[in-house]
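Structural characterization, general
The lines below spell out each chain.
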Amino acid sequence: MEFSKQQKKDLSELLVQLDSDRAWLLEQIDRGSWPELRLDLAALERELGQLLIRTSDKLEENEN
């Protein structure tokens, strides 16, 4: 799939925002927020991290 420069920029910005949200979520989990949801939120944080890594890798592959 080929992206325009603007699409690549927009996607990169979205990835940065999602990573920031992931980090915030992890911080909240570590602080003990929402103890009844801890396992589900931790799983969500891990999956989001994996998605961000895979997406970033794919973007880099497409640039080369």
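Before going into details, it helps to say that this report is about the structure given with it. Model, not experiment: these values are computed from the prediction.

What counts and how
- Residues numbered from 1 in each chain as written.
- Predicted model: local features only at pLDDT ≥ 70, side-chain atom pairs only at ≥ 80, totals over all residues.
- Heavy atoms only, no water.
- Helix = DSSP H or I, 4+ residues; strand = E, 2+ residues; numbered from the N terminus.
- Rg over C-alpha atoms; globule rule 2.2 N^0.38 Å.
- Buried < 20%, exposed > 50% of the residue type's maximum accessible area, 1.4 Å probe, protein only.
- Contact = heavy atoms within 4.5 Å.
- Areas by Shrake-Rupley, 256 points an atom, 1.4 Å probe, with all protein chains shown as cover.
- Lys, Arg positive; Asp, Glu negative; His and termini not counted.
- Charge placed at Lys NZ, Arg CZ, Asp CG, Glu CD.
- Salt bridge = Lys/Arg side-chain N within 4 Å of Asp/Glu carboxyl O.
- Patch = residues over 30% accessible without salt bridge, like charges linked within 9 Å, V, L, I, M, F, W, Y side chains within 5 Å.

1. Some details on the overall build of the chain
The helix and strand tally for the chain stands at two helices and zero strands. Here the C-alpha radius of gyration of the chain, 14 Å, is well above what a compact globule of 64 residues would show, namely 11 Å. Taken along its principal axes, the extent of the C-alpha atoms in the chain is 45 × 15 × 15 Å. When burial is assessed residue by residue, the chain has 19% of its 64 residues classed as buried. Contacts spanning at least 24 positions in sequence make up 53% of the contacts within the chain whose residues lie at least 6 apart. Just so you have it, the chain exposes about 5200 Å², and 53% of that area is on carbon and sulfur atoms. If the 9 positive side-chain charges of the chain are averaged to one point and the 15 negative ones to another, these points end up 2 Å apart.

2. Quick word on the pattern of salt bridges
Counting across every chain of the model gives four salt bridges. Between glutamate 45 and arginine 22 there is a salt bridge, and its shortest N-O distance comes to 2.7 Å. Placement of the pair is glutamate 45 in helix 2 (residues 38-63) and arginine 22 in helix 1 (residues 5-30), with a sequence separation of 23 residues. Per residue, the accessibility class of glutamate 45 equals that of arginine 22, and both read buried. Because the salt bridges share partners, they merge into one network encompassing Asp19, Arg22 and Glu45.

3. Quick look at a nonpolar patch on the surface
Taken together, the side chains of Trp24, Trp34 and Leu37 define a hydrophobic patch exposed on the protein surface, amounting to about 300 Å² of accessible area. For leucine 37, the location among the structural elements is in the loop between helix 1 and helix 2.

These values are about where atoms sit, not about what they do.
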